[in-house]
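# Notes for the structure review
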Amino acid sequence: MNKKHDEHEDKMSKDNHNNRANGRHEHHHEYQSLDNSHEEGHNEHDGHHNHDHDNHSHDQGHGGHDHGHMIEDFKKRFYISLFVTIPILVLSPMIQSFFNYELSFPGIMYVLFILATFIFFYGGKPFLTGSYDELKEKNPGMMTLIALAIVVAYVYSSLTVFGLSGSNFFWELATLIVIMLLGHWIEMRTVMSASNALEELVKLIPSDAHLIKENGETEDVKVDSLKHGDKVLVKPGENIPVDGKIMKGQSSINESMLTGESVPVDKAVEDEVIAGSLNGEGSLTITVEKTGDDSYLSQVVKMVKEAQESKSKTQDLSNRAAKWLFYVALIAGFTTLFIWLMLGYPFSYSLERMVTVMVIACPHALGLAAPLVVARSTALAAKKGLLIRNRANFEEARKIQSIVFDKTGTLTEGAFGVTEIIVEDGYDKNDILQPAASLEAQSEHPIAKGIVEEAKKQNLTLTEPDNFESMTGKGLKGVVESKEILIVSPGYIKEKQIDYQTEKFEELSEQGKTVVFVLIDNQLAGMIALADKVRESAERAITRLKELNIQSMMLTGDNYKVAQWVAKQLNLDDVIAEVLPHEKADKIKELKDKGLKIAMTGDGINDAPALATADLGIAVGAGTDVAMETADVILIKSNPEDVVAILDLSKSTYRKMIQNLWWAAGYNIVTIPLAAGVLSPIGIVLSPAVGAVLMSLSTVVVAINARLFKG
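Since the structure is predicted, the reported quantities are computational estimates derived from the model, not experimental observations.

### Section: the overall build of the protein chain
Of the regular secondary structure elements, the protein chain holds 28 helices and 22 strands. The 711 residues of the protein chain split such that 57% are buried. A fraction of 73% describes how many contacts in the protein chain between residues 6 or more apart in sequence connect residues 24 or more apart. Only carbon and sulfur atoms are counted for the fraction: they give 54% of the accessible area of the protein chain, which is about 29700 Å².

As structure tokens, this is what we get:
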């Protein structure tokens, strides 16, 4: 990176940090958090989800074509090739002999040659071009193995049409191409296209902005045309178009799409705002600070791209097996040719043995072994509420040693809930909760919702308050059932020098909880403590991970006290807190550098670089669209226990793949020596027709074995 970029990255880091320092939220009705601990918690999610969606290895082999177009292309080639294969099978002498019927007419071999030529060049094109790319990279795999088999079968069979003695392999050529096209089509259909997270990020920024001209009038202009220092008006409910600083007005800003923090942040003059965040109820005049490539979102896009590009490409199991079979086929084929020639057999017979070996070395079953299991495991995953977007990383999940969880929205629900109600003498909990909830019901703030929700749980009847008022910087005020009710912040209590239970308050503060005070007719009635609710399923998930000997960690932008409180409840192995958004990916890299296989679980855009850097990125389904678009796996039910389900399914999928590959390879282990003629001294030589039967049986076994997969 150049110096200018480094300086900008440093500035971005400071700006983000300052933004959080300045943007500490006094709540919508102005509750200040204890020791600023909850306020710092609003940093929680910063960064941005990505998930590399490594293109499938075959995709790479075909160049950088559009993934959707490639799926359609394979589908089309499969159906057309299947249509042409039927007459090839009907006219093939070997098939006629096997099924004991006869169909012949003048020029039949030329018709077979023309049909097979079409299939070879049309149906075989993806494999021929793919093998060229593999060989150019000196990394032969499935494409090269298939290409070897179809080239040998086509060239040899064509020579038999034009004078060489021997049997043609046109039927083998055609069926091999058709089944391989089917296998690749099934496989590619289950692999999601490369992440379109960057498009989702860009959608957050409006295309137009209200530019305030020198004469004070506003004009709608394109965001692209704005310059540093311009002033723009942001109306209530609009997305903020640029990174900037508030010059006039105050409002509650919802940054959850960017930071993952569920609680809106109250901002006023001199506070900084981020493009893409959602303005609340106030009008704001903003001075443009950053536009285009300098903006926070653009920096995130850049980080996402870098993380994607830095990911290693994983070759799947079938491709690795194919690589070895390619070498086996070459060595076995030429060894067969030379041995038969040395034994004094004619070249035509020796060549037929060699061709039989090379064609049989590419089993049809191998092309279906992995795709059928992938299709089955994808369907099973969907039933369990797991959406697999990146198959290669999902398969590697069985090796995961440590799972890093984001806090807000993942281990916690991202919504406030009442944890304690502390009462003063002469009051009970309902005396406090009922009027407080009646007053809070007039607000849409998350803390208000938490108090109202608790009242509903306790089956309390809420009443319409009189004289409802929001006291700026202090709290709420109103009359409920002829009693004056105040719900205020710790700052208000200290300002009025009202005595309260300081030890209990400090204890709650240490746990990172937000506390509001309830006054009834100017007398302190008690305190209500609220915190982001820990998911019950999170505790069960952590317990299960411990049983599997997998380390569980938390990575959060929240302050250390809050993080420790959550970690203690869940019995986590480690906690990394107070991490700025762009530092999350660095923390994941540090863990990977220690040799650990890392999975990252999060729900906000802020987690994207970390998710991209991890070996497996898991998005909680209730999170942002960007989180879901960038993840390797999505937990549709937002249940942390499903993280364990991913690991279990990955392991069982791998086991089933290995089974299928052994069934496919077993066919080779038996048939290659027989086709080469090792048992010819006792009169056993594998004819191409018998090879076809074994091939079919192998394919059927692999298909049935995949269908029996229960996860």
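Don't stop here, the text continues.
### As for the packing of helix H6 (residues 108-123) against helix H8 (residues 142-161)
Here H6 crosses H8 at 160 degrees, and the two axes come no closer than 11 Å. As the angle between them shows, H6 and H8 are arranged roughly antiparallel. The crossing of H6 and H8 is left-handed. In this structure, H6 contributes Met109, Tyr110, Phe113, Ala116, Thr117, Phe120 and Phe121 to the contact, and H8 contributes Ile150, Val151, Tyr154, Ser158 and Val161.

### A word on the environment of Thr218
Along the chain, the position of Thr218 falls in strand S2 (residues 218-222). For Thr218, a relative accessible area of 45% gives the class partly exposed. Considering only alpha carbons, one finds Thr218 and Val232, 14 residues apart in sequence, at a separation of 8.1 Å. In this view, Thr218 contacts Leu211, Ile212 and Leu233; residues no more than four positions away in its chain are not counted.

### Regarding the packing of aromatic side chains
Describing an aromatic ring pair means giving the distance of the ring centres and the angle of the ring planes. With the rule as written, the count across this model stands at 17 aromatic pairs. Here Phe120 and Phe121 contribute two aromatic rings whose centre-to-centre distance is 4.9 Å and whose plane-to-plane angle is 80 degrees, an arrangement assigned as edge-to-face. Judged by centre distance (6.0 Å) and plane angle (75 degrees), the ring pair of Phe121 and Tyr154 falls under edge-to-face. Of this pair, Phe121 sits in helix H6 while Tyr154 sits in helix H8, placing them 33 residues apart in sequence. Among the residues examined, Tyr154 registers a relative accessible area of 10% and is labelled buried. Among the aromatic residues, those joined into a ring-pair cluster are Tyr110, Phe113, Phe120, Phe121, Tyr154 and Phe162. A cation over an aromatic ring shows up here: Arg77 above the ring of Tyr122, its NZ or CZ 4.8 Å from the ring centre.

### Focus: the confidence of the model for the protein chain
The share of residues in the protein chain with pLDDT of 70 or more is 80%, and the mean pLDDT across the chain is 78. Here residues 191-198 scores under 50 on pLDDT; set against residues more than four positions off or in separate chains, the count is 24 contacts.

### A short note on the pairing of strand S9 (residues 284-290)
Counting buried positions along S9 yields 6 of 7 residues, so the element is predominantly enclosed. The pairing of strand S3 (residues 231-234) with S9 spans 4 bridges and is antiparallel. Directly across from Val234, in S9, lies its bridge partner Leu284. Examined bridge by bridge, strand S4 (residues 243-248) and S9 share 5 bridges and lie antiparallel to one another. Counterpart to Ile246 in the pairing with S9 is Ile286.

### Examining the environment of Asp648
Mapped onto the elements, Asp648 comes out in helix H27 (residues 641-676). Sequence separation of Asp648 and Arg398 is 250 residues, and the distance between their C-alpha atoms is 7.4 Å.

### Let's talk about the UniProt feature "transmembrane region" (unreviewed entry) in the protein chain
UniProt records the feature "transmembrane region" (unreviewed entry) for residues 78-99, 105-124, 145-163, 169-186, 324-343, 355-375, 661-684 and 690-709 in the present numbering. Across residues 324-343, helical content stands at 95% and strand content at 0%; the span's end C-alpha atoms are separated by 28 Å. Secondary structure content for residues 661-684 is 67% helix and 0% strand, while the C-alpha to C-alpha distance between its ends is 27 Å.

### Overview of the pattern of salt bridges
In the structure shown here, the tally under the stated rule is 13 salt bridges. Note that Arg544 is salt-bridged to Glu547, the shortest N-O span being 3.6 Å. Residue Arg544 and its partner Glu547 are located together in helix H22 (residues 536-547), separated by 3 residues, close to a single helical turn. With a relative accessible area of 30%, Arg544 lands in the partly exposed category. The salt bridge partner of Asp648 is Arg544, with a shortest N-O separation of 3.7 Å. Residue Asp648 is found in helix H27, and its partner Arg544 is found in helix H22; the two are separated by 104 residues along the sequence. Residue classification places Asp648 among the partly exposed residues on the basis of a relative accessible area of 31%. Through salt bridges that share partners, Glu396, Arg398 and Lys399 make up one connected network.

### Comments concerning the environment of Ile646
Residue position: Ile646 is located in helix H27. The exposure class assigned to Ile646 is buried, which follows from its relative accessible area of 0%. For the pair Ile646 and Ala397, spaced 249 residues apart in the sequence, the C-alpha separation amounts to 7.5 Å. Excluding anything up to four places from it in sequence, Ile646 contacts Leu386, Phe394, Ala397, Leu616, Ile618, Val633 and Leu635.

### Description of the nonpolar core
Grouped together as the largest cluster of nonpolar side chains are 107 residues, with contacts concentrated most on Phe170, Leu173, Ile403 and Ile646. Excluding anything up to four places from it in sequence, Phe170 contacts Ile88, Leu112, Phe113, Ala116, Tyr154, Ser157, Ser158 and Val161. Counting 23 residues, the second largest nonpolar core, distinct from the first, contains Phe416, Leu433, Val516 and Val518.

### Description of the pairing of S2
Examined bridge by bridge, strand S1 (residues 208-212) and S2 share 5 bridges and lie antiparallel to one another. When the sheet's bridge partners are listed, Ala209 is paired in S2 with Val221. Joining the antiparallel neighbours S1 and S2 is a turn of 5 residues, in which Gly216 adopts a positive phi near 90 degrees.

### Observations concerning helix H7 (residues 125-136)
Helix length check: H7 (12 residues) gives 17 Å between terminal C-alpha atoms against 16 Å at 1.5 Å per residue, within 8%. Buried residues of H7: Pro126, Phe127, Gly130, Ser131, Asp133 and Glu134, and no others. Down the axis of H7, the buried side of the element spans an arc of 160 degrees, and every buried residue falls inside it. Among the exposed residues of H7, those pointing more than 90 degrees away from its buried face are Tyr132 and Lys136. Immediately downstream of H7, the backbone of Lys138 shows phi near 55 degrees, a positive value.

### Overview of unusual backbone geometry
At Asn467, a position not held by glycine, the phi torsion is positive, near 55 degrees. Mapped onto the elements of the fold, Asn467 is located in strand S13 (residues 466-471).

### A short note on the sheet that holds S2
Read across the open sheet, the 6 strands follow the order S2-S1-S3-S9-S4-S7; overall the sheet is antiparallel. Each of the sheet's edge strands pairs with one partner strand only, and the pair in question is S2 and strand S7 (272-273).

What counts as what
Residues numbered from 1 in each chain as written. Predicted model: local features only at pLDDT ≥ 70, side-chain atom pairs only at ≥ 80, totals over all residues. Heavy atoms only, no water. Helix = DSSP H or I, 4+ residues; strand = E, 2+ residues; numbered from the N terminus. Buried < 20%, exposed > 50% of the residue type's maximum accessible area, 1.4 Å probe, protein only. Contact = heavy atoms within 4.5 Å. Areas by Shrake-Rupley, 256 points an atom, 1.4 Å probe, with all protein chains shown as cover. Axes fitted to C-alpha atoms, helices over the stretch in contact; angles between N-to-C directions. Parallel < 35°, antiparallel > 145°, perpendicular 65-115°, else oblique. Left-handed = near helix turned anticlockwise from the far one by under 90°. Phe/Tyr/Trp six-rings, centres within 6.5 Å; stacked < 30°, edge-to-face > 60°. Lys NZ or Arg CZ within 6 Å of the ring centre and 35° of its normal. pLDDT = per-residue confidence, 0-100. Pairing = 2+ DSSP bridges. UniProt positions renumbered as here; feature names shortened; annotations may be inferred. Salt bridge = Lys/Arg side-chain N within 4 Å of Asp/Glu carboxyl O. Core = buried A, V, L, I, M, F, W, Y, C linked by side-chain atoms within 4.5 Å. Expected span 1.5 Å × (residues − 1). Arc of directions from axis to C-beta.

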